[in-house]
Amino acid sequence: IAVTVLAACLLVARRGAALRASSLVTRPLLRTTPPSAAVTRPDSAPVGSQPVVVSRRRQPDVVVLRAASTEETTEESPPPLTEAQADAKRATLEFTPTKYFFGRVAVYLGPQYKPLSEVVEPSFKDDTSAVSAVVLEPPFGMIIEESARFPGRVEVAEVTPGSNADVAGVKVGDVLRGTTAMALDVRRASEEDAAFSVGLSEGRKQRAYLSCDRQPFERIMEALQSNAAANGGPGEAALVFERQVK
C-alpha cells in the first residue's frame, strides 16, 4: 500500500510539473499579441520603436516651425519692382537729346508706390537741354548753390570725386529741379504750397516730391537732408536734374 501511494504521489508531481512547464511556455506567446496588433495601425512605427503617440506630439512642432519660417521670409523679402518702378529707379543719369525739349520725367518713390510723372519747364533756351532722374543714397557728395544764370533755381557747384553723386554722373552746372523729401505734414503743405505735388504715408512721416524751383535755399537743403536714414528717411532720394546737351 505504501508503495502504491508513493507511486501515485510521484505521478501527480510529474503532472504538476508538466502543467507548470506548459504554462511557462504559453505566457511569452500571449505577450506577443499587443506588438502584432500595433503593426496593423496605419500610422504606427516599426516594432521596437517608440509608440506612435510620440510622433504625434512632434508633428505640431514641425508645422509651427515651418509657418514661422515662411512668415519671416515674407517680411524680409522686399516686393519685386514693377517695370515702371525699375525704369524710374536709375542709378545713373541718362540725358537724351531730342529735337524739342521734353520735360516729363518719372520719379521713383519706393517699391510700395507707383512712380510720379512730373513735368518741368526748360531752363535753357532753344530746346538745348534735357531732364533726367536718378536715385542716390546720402551722403550725396555734391555742393549746390543758388544759380546766377537762372534766378529762382539751384545748380551743382562742386562734385566730390568718387562720391555717390560722381558715380551717378552728376556734373558741375547741372540744375537741380526737384527732390523727394520727408515731412511731417505733407498733405497740409501741398495744400498751402504748390511745390509739394504729392504726399505718401510712411510711418509718422510722409514721402513727397518737392520742386526746387523758386524755393528758399534752406528749405531745399532741409528736404535733401530729410532723406537720410538717421533723420527718419528711407536712406535714398530721387533727384531730378536738367543739363544742357546741345
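Bear in mind that the values here come from a model prediction, so they are computed numbers and not experimental data.

A. A look at the overall build of the chain. What the chain contains, in helices and strands, is seven helices and nine strands. In the chain, of all internal contacts separated by at least 6 residues, the share reaching a separation of at least 24 is 65%. A total of about 15900 Å² of accessible surface is found on the chain, and carbon and sulfur atoms cover 58% of it.

B. View of the pattern of salt bridges. Applying the stated criterion across every chain yields a total of seven salt bridges. The closest approach of N and O atoms between Arg-90 and Asp-87, which form a salt bridge, is 3.4 Å. The exposure class of Arg-90 is partly exposed, given its relative accessible area of 26%. Taking the shortest distance from any N to any O, the salt bridge between Arg-153 and Asp-213 comes out at 3.7 Å. Of the two residues, Arg-153 sits in the loop between β4 (142-146) and β5 (154-159) while Asp-213 sits in the loop between β8 (205-211) and α7 (217-225), which places them 60 residues apart along the sequence.

C. Highlighting the side chain of Asp-174. Structurally, the position occupied by Asp-174 is in the loop between α5 (164-167) and β6 (175-183). Residue classification places Asp-174 among the buried residues on the basis of a relative accessible area of 2%. Within polar-contact distance, the side chain of Asp-174 engages the backbone nitrogen of Lys-171 at 2.9 Å. If we skip the residues at most four places from it in the chain, Asp-174 touches Leu-93, Val-154, Glu-155, Val-156, Gly-169, Phe-241, Glu-242 and Arg-243.

D. The nonpolar core, seen in detail. By size, the foremost hydrophobic cluster in this structure holds 21 residues, and its most contacted members are Met-142, Val-170, Leu-176, Leu-239 and Phe-241. When residues of this core are traced back to their parent elements, those giving at least two are β3 (129-136), β4, β5, α7 and β9 (237-244). Counting residues in each nonpolar core, the second largest holds 15 residues, with Ala-88, Leu-116, Val-135 and Val-240 among its members.

E. Local environment of the environment of Cys-212. By the secondary structure assignment, Cys-212 is in the loop between β8 and α7. Sequence spacing of Cys-212 and Arg-153 is 59 residues, and the spatial spacing of their C-alpha atoms is 6.7 Å. Excluding anything up to four places from it in sequence, Cys-212 contacts Gly-152, Val-154, Leu-176, Arg-177, Gly-178, Thr-179 and Ile-220.

F. Structural view of a negative patch on the surface. A surface patch of negative charge is lined by Glu-145, Glu-146, Glu-218 and Glu-222. Mapped by element, the contributors of at least two residues to the negative patch are β4 and α7. Residue Glu-222 is classed as exposed on the basis of its relative accessible area of 55%.

G. Expanded view of the environment of Ala-208. Relative to the helices and strands, Ala-208 resides in strand β8. Along the backbone, Ala-208 and Ala-181 are 27 residues apart, and their C-alpha atoms lie at a distance of 5.4 Å.

H. Structural detail: the side chain of Thr-128. Within the secondary structure, Thr-128 sits in the loop between β2 (116-119) and β3. The exposure class assigned to Thr-128 is buried, which follows from its relative accessible area of 13%. Within the structure, Thr-128 has its side chain in polar contact with the backbone oxygen of Lys-125 (distance 3.0 Å). Contact partners of Thr-128, with chain neighbours within four places excluded, come to Arg-243, Gln-244, Val-245 and Lys-246.

I. Focus on the layout of surface pockets. A volume near 320 Å³ is recorded for the largest pocket. Lining the largest pocket we find 17 residues, and of these Arg-90, Arg-104, Val-105, Val-131 and Ser-132 sit closest to its centre. At the level of secondary structure, the elements contributing two or more residues to the lining of the largest pocket comprise α4 (83-88), β1 (104-107) and β3. It is β3 that provides the largest number of residues to the lining of the largest pocket, a total of five residues. Its residues assigned to classes, the lining of the largest pocket comprises eight nonpolar, five polar and four charged.

What counts as what
Residues numbered from 1 in each chain as written. Predicted model: local features only at pLDDT ≥ 70, side-chain atom pairs only at ≥ 80, totals over all residues. Heavy atoms only, no water. Helix = DSSP H or I, 4+ residues; strand = E, 2+ residues; numbered from the N terminus. Contact = heavy atoms within 4.5 Å. Areas by Shrake-Rupley, 256 points an atom, 1.4 Å probe, with all protein chains shown as cover. Salt bridge = Lys/Arg side-chain N within 4 Å of Asp/Glu carboxyl O. Buried < 20%, exposed > 50% of the residue type's maximum accessible area, 1.4 Å probe, protein only. Polar contact = N/O pair within 3.5 Å; in protein donor to acceptor, adjacent residues only side chain to side chain. Core = buried A, V, L, I, M, F, W, Y, C linked by side-chain atoms within 4.5 Å. Patch = residues over 30% accessible without salt bridge, like charges linked within 9 Å, V, L, I, M, F, W, Y side chains within 5 Å. Lys, Arg positive; Asp, Glu negative; His and termini not counted. Charge placed at Lys NZ, Arg CZ, Asp CG, Glu CD. 1 Å grid on protein atoms, 1.4 Å probe; cavity = no way out; pocket = protein on both sides within 12 Å on 5 of 7 lines; lining within 4 Å. Points joined across faces, edges and corners; volume = space filled by probe spheres on them. Nonpolar A, V, L, I, M, F, W, Y, C, P; charged D, E, K, R; others polar.

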